[in-house]
Amino acid sequence: MADDTFSKGDKVTWQSHGSTAEGKVEKKITSDTEAASRQVRASKDDPQYLVKSDKSGGEAVHKPSALKKKGSS
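From a predicted model like this one, the values you see are computed outputs, not experimental measurements. (Residues numbered from 1 in each chain as written. Predicted model: local features only at pLDDT ≥ 70, side-chain atom pairs only at ≥ 80, totals over all residues. Heavy atoms only, no water.)

**Q** Go over the environment of G9 with me, naming the residues and quoting the values.
**A** By the secondary structure assignment, G9 is in the segment before β1 (11–16). Between the alpha carbons of G9 and A21 there is a distance of 16 Å; along the sequence they are 12 residues apart. With residues near it in sequence (within four places) discarded, G9 still touches K24 and V25. (Helix = DSSP H or I, 4+ residues; strand = E, 2+ residues; numbered from the N terminus. Contact = heavy atoms within 4.5 Å.)

This is the structure we're talking about:
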């Protein structure tokens, strides 16, 4: 089972436009808000995470199921 709990600063990967992107968790979103230039629907029971790409510096919002913790090595 995937670990779907992330904390600020966690290194993560996700699929972006057919390739794998890497970055850091900026924050956990637990209420409806606007982030990464779009409306985000989230709750404590269904959180989403704001992540920042290491490569582009761009921000995106993803559900926990779309993120994977990057191994520490």
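Moving on from the coordinates now.
**Q** So, the pairing of β1: which residues are in play, and what are the values?
**A** Note: β1 against strand β2 (residues 19–29), six bridges, orientation antiparallel. Paired with K11 across the bridge in β2 is K24. Where β1 folds back on β2, the antiparallel hairpin that results is connected by two residues, among which H17 adopts a positive phi of roughly 50°. Here β1 runs beside strand β7 (residues 68–69); their pairing, made up of two bridges, is antiparallel. Counted as the bridge partner of T13 is K68 from β7. (Pairing = 2+ DSSP bridges.)

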